[in-house]
Amino acid sequence: MHSGSSLLKKIAVVGRGTAGSLAAAAVARFHPDPDHELHHIYDSRIPTLGVGEGTWPSLLPYLEQLTNLPDETIQQSVNGTRKYGLAFEGWGVRNQDFIHSFIPENVSYGYHLCADLMGELLRKSANARHIDAKVLNITRVDGGAQVEFVDLAPERYDLVFDARGFPRELHPDRHINVPFIPTNTAIIRRCPATVKAARNGPVLEHTYTRSIARPHGWAAVIPLTTHTAYGYIFNRDVTALAEVEADFDRLLETDGVAEFEPRAVIRFPNFIHRRIYDGAVCRIGNAAAFLEPLQATTIAAAQLQIGMILHTRFNRPAERLERDVPTVNRFLVKNMLYYGLFVGWHYHCGSKFDSAFWRHARDHAWPQHRDAAAPEVVDCDALQMFDEMVYLLNQSDIEKSDHNQAYGFSLGSYIQMSKGLGC
Ligand SMILES: Cc1cc2nc3c(=O)[nH]c(=O)nc-3n(C[C@H](O)[C@H](O)[C@H](O)COP(=O)(O)OP(=O)(O)OC[C@H]3O[C@@H](n4cnc5c(N)ncnc54)[C@H](O)[C@@H]3O)c2cc1C
């Protein structure tokens, strides 16, 4: 049997957003053969999305491994604060604020961080040849993939990570549509910092991403040491931009924020690529899937996508490659759809607002989840896994030791959210 890594002499990562930067650093760090060739390709005229400031605890040891730097140094380099979970305001039927904390509570934390700075840090630790060029196509060829460029000759690679961000359009043959998530647009504003950087060392204060229900959607508040990021997430087909901007102004006024810098209005699709991995091309980050930012799933998902592909490719015998492909792909698709069902479920009992948005979310969008996630439509059993969680949630005798089971969102997450939402 041949080792899988012997077939990976030349690897490309296309895109230098968060996902591409993580992938390039991971290939450079974990490839068993120091003589491998790594090309990091991006078009510097196409900006990265630059948002993505909330992360999960799993990112921290990964960043330490990739950069060879201690946690404290990394936190300071990315203007980071320690995120212990999410603080929900006004969601559900109880009209009470609640926390969805990382488990173990008050111990486990991720970062709120500046995505651009994290990208820079990762790129410094990846030994790659940088190619600034526009990619036209990435196509599977015998035993690998070919990348075609504008103004450069095509190149063949053994494996390509496609991290080019959101697809331009969705196609039902290639993408699973996620209509049960009711949002599709974000307005981003940058406001003054509320957490001050410490003089010597990282900020130790416990912080939470605030997720505030608003009449037209919800707002995220993410505290970094240099600024506080505010995002208002809504549905442009339900509410006009001007109405949302006006409510955004009211929120900032209530929070006592006197000034802000408008940053962007971002339209996003909620979708999952049906072929995240085809054996030669692995889509990662926003090119693989997107499920609105409520539970900050994208960076964690990119980490899983990269980790899973590299692990199977480096450690499994080459002869198993073809047989592994559908299994790995189905696992990655299922994982994303399971995240999507958890996120959509947050809306299932509405919020303190009886508005057009919340009626749309609760009565129109969420009821579509069973059809949209039906196994015959999506070729995986994510819906069954979600149903099992909801079934367990309704049992009276759940052992505390069972709370942390499942990948991604554990039963403990479902219990916290269900108690908080009141249904
Ligand atoms: C409002 C909002 C809030 C979010 N909040 C979070 C959060 O808190 N946590 C989280 O984990 N995620 C969050 N996300 C998701 C976030 O977008 C991703 O985590 C992150 O930005 C990953 O982006 P990416 O690297 O996949 O793509 P991008 O940042 O879009 O990067 C794409 C890269 O591909 C290159 N490129 C594109 N086309 C070509 C081409 N043809 N040729 C060559 N190069 C090309 C570009 O130059 C760029 O380098 C949020 C998203 C939105 C919309």
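That block above? That's the structure.
Residues numbered from 1 in each chain as written. Predicted model: local features only at pLDDT ≥ 70, side-chain atom pairs only at ≥ 80, totals over all residues. Heavy atoms only, no water.

Peer 1: Please explain the site of the ligand as it appears in this structure.
Peer 2: The ligand sits among 30 residues. The nearest are Ile46, Gly54, Val135, Asn286 and Ile299. In the environment of the ligand, an oxygen atom lies 3.2 Å from a nitrogen or oxygen atom belonging to the backbone of Thr18. Here the ligand, which alone exposes 1000 Å², has 94% of that area covered by the protein. Among the residues making up the shell around the ligand, the classes are represented as 15 nonpolar, 10 polar and 5 charged. (Near = heavy atom within 4 Å. Polar contact = N/O pair within 3.5 Å; in protein donor to acceptor, adjacent residues only side chain to side chain. Areas by Shrake-Rupley, 256 points an atom, 1.4 Å probe, with all protein chains shown as cover. Nonpolar A, V, L, I, M, F, W, Y, C, P; charged D, E, K, R; others polar.)

Peer 1: Quick question: what am I supposed to make of helix α7 (residues 321-345) here?
Peer 2: The periodicity of an α-helix, 3.6 residues per turn, causes residues three or four places apart in sequence to face the same way. The end-to-end C-alpha distance of α7 is 36 Å, a good match for the 36 Å that 25 residues give at a rise of 1.5 Å each. Counting buried positions over the 25 residues of α7 gives 19, a clear majority of the element. (Helix = DSSP H or I, 4+ residues; strand = E, 2+ residues; numbered from the N terminus. Expected span 1.5 Å × (residues − 1). Buried < 20%, exposed > 50% of the residue type's maximum accessible area, 1.4 Å probe, protein only.)

Peer 1: Just to check I follow, could you spell out the side chain of Asn79 for this structure?
Peer 2: Along the polypeptide, Asn79 turns up in the loop between α3 (71-77) and β3 (81-89). In this structure Asn79 comes out as buried when scored by relative accessible area, which is 18%. Residues in contact with Asn79, not counting those within four places in the same chain, are His112, Cys114, Leu117, Leu224, Thr225 and Thr226. (Contact = heavy atoms within 4.5 Å.)

Peer 1: Which parts of the structure should I look at to understand the packing of helix α1 (residues 18-30) against helix α2 (residues 59-67)?
Peer 2: Where α1 contacts α2, the axes come no closer than 10 Å and their chain directions differ by 55°. On the basis of their axis angle, the class for α1 and α2 is oblique. In terms of crossing hand, the pair formed by α1 and α2 is left-handed. Between α1, through Leu22, Ala25, Ala26, Arg29 and Phe30, and α2, the contact on the second element is made entirely by Leu59, Tyr62, Leu63, Gln65 and Leu66. Counted by class, the contact of α1 with α2 contains 8 nonpolar, 1 polar and 1 charged residues. (Axes fitted to C-alpha atoms, helices over the stretch in contact; angles between N-to-C directions. Parallel < 35°, antiparallel > 145°, perpendicular 65-115°, else oblique. Left-handed = near helix turned anticlockwise from the far one by under 90°.)

Peer 1: Before we go on, may I ask you to explain the environment of Asn68 in this structure?
Peer 2: Position of Asn68 among the secondary structure elements: in the loop between α2 and α3. C-alpha separation for the pair Asn68 and Gly110, spaced 42 residues apart in sequence, amounts to 18 Å.

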